[in-house]
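# Summary of structural features
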Amino acid sequence: MATTDTDVTGRRHPAVVLLTLAAPIIATNISGTVMSFVDFVMVSRLGTEAQAAIMPAGILLFCAIGFGMGLLSVVNTFVSQSLGRGRHADCSAYAWQGVILSIGLALVLLPAIVLVEPFFRWVDHGDAVISMEVSYVRIGLFGIGPTVASVALANFFIGVHRPAVGFFAALVSNVFNVAGNYALIFGHWGFAAMGIAGAAWATLAASILHFVILLAWMLHPSY
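Not measured: the values here are computed from a predicted model. All residue numbers refer to positions counted from 1 along the written sequence of the respective chain. The predicted nature of this model means local features are confined to residues of pLDDT at least 70 and side-chain atom pairs, given and counted, to a pLDDT of 80 or more, with totals for whole chains, interfaces and linings taken over all residues. By convention in this description, side-chain values take in all heavy atoms of the structure and omit both hydrogens and water.

## A closer look at the overall build of the protein chain
The numbering of helices and of strands both runs from the N terminus, where a helix is a DSSP run of H or I of at least 4 residues and a strand a run of E of at least 2. For the protein chain, the count of helices and strands is 10 helices and 0 strands. What you see in the protein chain, going N to C, is helices and strands ordered as α-α-α-α-α-α-α-α-α-α. Taking the principal axes of the C-alpha coordinates as reference, the protein chain spans close to 65 × 40 × 35 Å. Taking the contacts inside the protein chain whose residues are at least 6 apart along the sequence as the reference set, 74% of them involve residues at least 24 apart. In short, Shrake-Rupley with a 1.4 Å probe defines the accessible areas, and a residue's cover is counted only from the protein chains shown. Of the roughly 11,700 Å² of accessible surface on the protein chain, 71% is carried by carbon and sulfur atoms. Just so you know, the count uses Lys and Arg for positive and Asp and Glu for negative, and it drops His and the chain ends. By convention, the point assigned to a charge is CZ for Arg, NZ for Lys, CD for Glu and CG for Asp. Counting 8 positive and 9 negative side-chain charges, the protein chain places the centres of these two groups 16 Å from one another. What makes two residues a contact is simply this: any of their non-hydrogen atoms within 4.5 Å.

Printed below as a string of structure tokens:
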């Protein structure tokens, strides 16, 4: 058996093909997790109270986002099946249905904004921590729609064998999130220092950017 990435016939080894396809898919799927981790690391520089606030706040948001991600991962299955059947119009139809479901999920969860403070008061992490938790979650709720819609569109591109599109969108949005955190958390480049709320606004903007990049790519005539 050949030890290189090709076999004796000159074809690429199946493991190499698998990793080539899987790497951008993995990067796309962990994009939101990376943003949350970056928020945690950068907010931690504000002190122990901020560090204590962002972890439960981020977990609470991810519970909602994770449900949407699990639900809309099925877009990949339906799109790839439609592509295999040669029913190309159905590929985009499933993607759009994913976006519509994302909007529906966001609208259903948005009224929960009034329950955020009572929930954290019940958990009782202390007034200073509660204030930051409430701020982060209330802003983050507006990001559920674009975040989950990005999952739907990224799975469309995976289904049509273009996972690199999702990888590019995830990479750009995560770089933007780091820059946004730097500007809004600590008050750089002319922006006011907003602390943990700045992290939430930066992540919201990065999530919207992620969705816009994928949407613009899908609206290209080639798709």
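And the narrative resumes.
## Quick word on the packing of aromatic side chains
Within 6.5 Å between ring centres, the rings of Phe, Tyr and Trp (the latter by its six-membered ring) count as paired, and their orientation is classed by plane angle as stacked under 30 degrees, edge-to-face over 60, tilted in between. Within this structure, the stated rule accounts for 6 aromatic pairs. Aromatic pair Phe-168 and Trp-217: ring centres 5.5 Å apart, planes at 75 degrees, arrangement edge-to-face. A residue pair is termed long-range when its members are at least 10 positions apart, and Phe-168 in helix H9 (residues 163–186) and Trp-217 in helix H10 (residues 196–218) qualify at 49 residues. Throughout this description, buried means an accessible area under 20% of the type-specific maximum (1.4 Å probe, protein chains only), exposed means over 50%, and partly exposed covers the range between. Overall, the relative accessible area of 40% leaves Phe-168 in the partly exposed class. Through a chain of ring-to-ring contacts, the aromatic side chains of Phe-119, Phe-120 and Trp-122 assemble into a single cluster.

## Quick notes on the environment of Leu-209
Tracing the sequence through the fold places Leu-209 in helix H10. Measuring from C-alpha to C-alpha, the distance between Leu-209 and Ala-169 comes to 8.2 Å, with 40 residues separating the pair along the chain. For Leu-209, the contacting residues outside a window of four places in its chain are Val-172, Ser-173 and Phe-176.

## What to know about the confidence of the model for the protein chain
Every residue carries a pLDDT, the predictor's confidence in it, which falls somewhere between 0 and 100. For the protein chain, the average pLDDT comes to 87, and 96% of its residues sit at 70 or higher. Looking at the elements of the protein chain, mean pLDDT is at its lowest for helix H1 (residues 14–29), recorded as 78, and at its highest for H10, recorded as 94.

## Examining the pattern of salt bridges
For this analysis, a salt bridge means a side-chain nitrogen from Lys or Arg found within 4 Å of a carboxyl oxygen belonging to Asp or Glu. Under the criterion given, the structure shown has 4 salt bridges. A salt bridge links Arg-121 to Glu-117, with the nearest nitrogen and oxygen atoms 3.4 Å apart. With Arg-121 and Glu-117 both in helix H6 (residues 116–123) and 4 residues apart, this pair spans about one turn of that helix. Exposure remark for Arg-121: the relative accessible area of 41% places this residue in the partly exposed category. Among the ionic pairs, Arg-121 bridges to Asp-127, the shortest N-O distance being 2.9 Å.

## Focus on a nonpolar patch on the surface
The patch calculation keeps residues exceeding 30% relative accessible area without a salt bridge and links them within 9 Å when they carry like charges or within 5 Å when they are nonpolar (Val, Leu, Ile, Met, Phe, Trp, Tyr). Together, Ile-26, Ile-30 and Val-34 make up an exposed nonpolar region whose accessible area comes to about 230 Å². The residue Ile-26 is located in helix H1 in this model.

## So, helix H3 (residues 48–72)
Look at H3: 36 Å from first C-alpha to last across 25 residues, which is about the 36 Å you get at 1.5 Å a residue. Two axes are fitted around each residue, one to the seven residues ending there and one to the seven starting there, and the angle between them is reported as the bend at that residue. Its axis deflected by about 30 degrees at Cys-63, H3 carries its strongest bend there. The span expected for a helix works out to 1.5 Å for each residue beyond the first.

## Observations regarding empty space enclosed by the protein
In this analysis the probe radius is 1.4 Å and the grid spacing 1 Å, with only protein atoms considered; a cavity is a set of points the probe fits into but cannot get out of, a pocket is an open set with protein on both sides within 12 Å along at least five of seven lines, and lining residues have an atom within 4 Å of a point. Grid points are joined across faces, edges and corners, and a volume is the space filled by probe spheres set on the points. Counted by the stated rule, this structure contains 2 cavities of 30 Å³ or more. Sorting the residues of the lining of the largest cavity by element identifies helix H2 (31–43), H3, helix H7 (127–141), helix H8 (144–159) and H10 as the ones contributing at least two each. In terms of residue count, H2 provides more of the lining of the largest cavity than any other element does, 5 residues in total. A class-by-class count of the residues in the lining of the largest cavity yields 9 nonpolar, 9 polar and 1 charged. Empty space within the second largest cavity amounts to approximately 170 Å³. Residue lining of the second largest cavity: 14 residues in total, with Thr-28, Ser-31, Gly-32, Val-151 and His-210 positioned closest to the centre. For the lining of the second largest cavity, the secondary-structure elements that each account for two or more residues are H1, H2, H3, H8 and H10. Under the scheme applied here, ten amino acids are nonpolar (Ala, Val, Leu, Ile, Met, Phe, Trp, Tyr, Cys and Pro), four are charged (Asp, Glu, Lys and Arg), and all others, including Gly, are polar. Among the residues making up the lining of the second largest cavity, the classes are represented as 5 nonpolar, 9 polar and no charged.

## Some words on the packing of H9 against H10
Here, axes are lines fitted to C-alpha atoms. For helices the fit covers the stretch in contact, and angles between N-to-C directions go from 0 to 180 degrees. It is at 8 Å that the axes of H9 and H10 come closest, and there the two elements cross at 155 degrees. The angle between H9 and H10 places the two elements in the roughly antiparallel class. Along this stretch, H9 crosses H10, giving a crossing that reads as right-handed. Of the residues contributing to the contact of H9 with H10, the split by class is 17 nonpolar, 8 polar and no charged. Roughly parallel means an angle under 35 degrees; roughly antiparallel, over 145; roughly perpendicular, 65 to 115; everything else is oblique. Crossing chirality is assigned from the near helix's rotation relative to the far helix, an anticlockwise turn below a right angle marking it left-handed and a clockwise turn marking it right-handed.

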